[in-house]
Amino acid sequence: MNVITCAECDGAATYRACADRRFACPAGHHLAPVDVDLDGRTEWAVDGTGTLGYVVSPSYSLDLIAEALGDLAESSGCADPEYARRAALDDAYTACLDYVAAYRCGVA
Ligand SMILES: [Zn+2]
């Protein structure tokens, strides 16, 4: 998980989950979940310590895994099959790690 830092504290502080369903930095700046601005490939998450961050969207990770497995299946037809096979496995491995990171934060 990549942490989200407080802009009002110049990025020096992280947010933690609060009982009122918002996030707060140690200086008391608040952030509502609706105001967490991420692209469609990432989602906000809270880790086991209560720290706010973001992870790769599990659905995007699954798409990347499927794409990598497709590339792996077609790797024998490439000019350099071993390179294509390794690249596909690297892509699948990275996407799996992203999926596990999201799962550990309860997003997946
Ligand atoms: Zn702050």
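## Some points on the overall build of the protein
A tally of regular secondary structure across the protein gives two helices and six strands. Computed over the C-alpha atoms, the radius of gyration of the protein is 18 Å, more than 25% above the 13 Å expected from 2.2 N^0.38 for a compact globule of 108 residues. Along the first, second and third principal axes, the C-alpha atoms of the protein reach 55 × 25 × 20 Å. Relative to its full complement of 108 residues, the protein shows a buried share of 19%.

## Some remarks on the nonpolar core
Within the largest apolar cluster, 17 residues are counted, with the highest numbers of intra-cluster contacts made by Y15, V55 and A102. Broken down by secondary-structure element, the contributors of at least two residues to this core are β6 (52–56) and α2 (81–104). The element contributing the most residues to this core is α2, with five residues. Here this core spans two domains, and each of domain 1 (2–56) and domain 2 (58–104) adds at least three residues to it. V55 has contacts with M1, T42, E43, A45, D98, A101, A102, C105 and V107, leaving out every residue within four places of it along the chain.

## Some details on the pairing of β6
With four of its five residues buried, β6 lies for the most part within the structure. Sheet analysis places strand β1 (residues 2–3) next to β6, joined by two bridges and oriented antiparallel. Within β6, the residue paired with V3 across the bridge is G53. With five bridges joining them, strand β5 (residues 42–46) and β6 adopt antiparallel strand pairing. Looking at the pairing, W44 lines up with Y54 of β6.

How each quantity is defined
- Residues numbered from 1 in each chain as written.
- Predicted model: local features only at pLDDT ≥ 70, side-chain atom pairs only at ≥ 80, totals over all residues.
- Helix = DSSP H or I, 4+ residues; strand = E, 2+ residues; numbered from the N terminus.
- Rg over C-alpha atoms; globule rule 2.2 N^0.38 Å.
- Buried ≥ 20, exposed ≤ 12 C-beta atoms within 10 Å, placed from the backbone.
- Core = buried A, V, L, I, M, F, W, Y, C linked by C-beta atoms within 7 Å.
- Domains from an automatic or database assignment.
- Contact = placed C-beta atoms within 7 Å.
- Pairing = 2+ DSSP bridges.

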